[in-house]
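# Understanding the architecture of this molecule
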Amino acid sequence: MTRLQKISGYGFLILIVGFTLYGTLVEVQAGNFRYVRNQTYIAECGACHLAYPPQLLPGETWKAMMGGLENHFGEPAELDDDTREEILLYLDAHSLDVAPPSRMSKMMRNIPDEPPLRITEFPAFLDAHEVIKEQLSIQAFKTGFLSPCADCHRLANSAIFDKELLHPGYGPSNWGGKETTE
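Residues numbered from 1 in each chain as written. Predicted model: local features only at pLDDT ≥ 70, side-chain atom pairs only at ≥ 80, totals over all residues. Heavy atoms only, no water.

Quick look at the confidence of the model for the chain now. Reading fine detail from the predicted coordinates is not recommended where pLDDT is low. Within the chain, residue pLDDT values average 78, and 78% of them lie at 70 or more. Highest mean pLDDT in the chain belongs to helix 4 (residues 81–93) (95); lowest belongs to helix 6 (residues 172–175) (48). Note that residues 30–34 has pLDDT below 50 and, in this model, 14 contacts with residues that lie over four places away or in other chains. This model gives residues 177–182 a pLDDT under 50, and the stretch forms 14 contacts once residues within four places in sequence are excluded. (pLDDT = per-residue confidence, 0-100. Helix = DSSP H or I, 4+ residues; strand = E, 2+ residues; numbered from the N terminus. Contact = heavy atoms within 4.5 Å.)

Right, dumping it as structure tokens:
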């Protein structure tokens with residue numbers, strides 16, 4: 001093995017270790033190092049949409065959502081009783097109101113007495129996304145406009161929603177024309 005091959009090999013190894021450490025650092029800084037995932041929840045709910053991190057909604061909202069799966073935002077979501085119970089227990093055990101303090105905790109502020117079912121209707125969510133309306137010069141979002149979180153938050157599947165980690169180059173020029181409510 002030549003000296004150049006050894007140097008290239010060590011350089012490649014250093015890059016791999018560096019990227020691994022960087023990824024771990026991003027997770028820790030985002031407050032998601034303790035993030036727990038349930039494979040049944042990911043398989044069942046993630047089959048149709050992002051398996052939203054349980055700490056995005058309070059337990060009361062998860063219970064209401066899981067209790068109304070026959071009309072899950074206009075679509076039937078069928079689960080057998082055991083699967084439904086397993087998912088509900090997971091969501092309730094890691095919901096917003098019992099999760100360890102994190103950046104998500106600020107969503108607990110200003111929650112109405114009867115929390116909405118949609119994450120996009122929480123006051124803290126709307127406040128955090130107000131700048132988008134300003135950037136697009138619109139009065140209100142079209143229904144479902146902000147629902148595909150991963151469109152902007154490339155690490156949404158890992159429960160990382162930091163504005164510093166948004167898709168580079170994704171912005172008003174890519175969102176199309178003036179949006180209005182339907």
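From this point, the discussion proceeds with the structure in view.
Residue placement: Ala 64 occurs in helix 3 (residues 59–67). Overall, Ala 64 belongs to the partly exposed group, its relative accessible area being 43%. Expressed as a C-alpha distance, the spacing of Ala 64 and Pro 115, which sit 51 residues apart in the sequence, is 9.7 Å. (Buried < 20%, exposed > 50% of the residue type's maximum accessible area, 1.4 Å probe, protein only.)

Within this model, the second largest pocket holds a volume of roughly 640 Å³. Listed by contribution, the elements that provide at least two residues to the lining of the second largest pocket are helix 2 (39–45) and helix 3. The class makeup of the residues in the lining of the second largest pocket is 18 nonpolar, five polar and four charged. (1 Å grid on protein atoms, 1.4 Å probe; cavity = no way out; pocket = protein on both sides within 12 Å on 5 of 7 lines; lining within 4 Å. Points joined across faces, edges and corners; volume = space filled by probe spheres on them. Nonpolar A, V, L, I, M, F, W, Y, C, P; charged D, E, K, R; others polar.)

Looking now at the nonpolar core. Judged by nonpolar contacts, the single largest core of 26 residues is most densely connected at Tyr 41, Tyr 52, Trp 62, Ile 87 and Leu 91. Once you skip the residues sitting within four places of it in the chain, Tyr 52 turns out to touch Tyr 41, Trp 62, Ile 119, Ser 147 and Cys 149. (Core = buried A, V, L, I, M, F, W, Y, C linked by side-chain atoms within 4.5 Å.)

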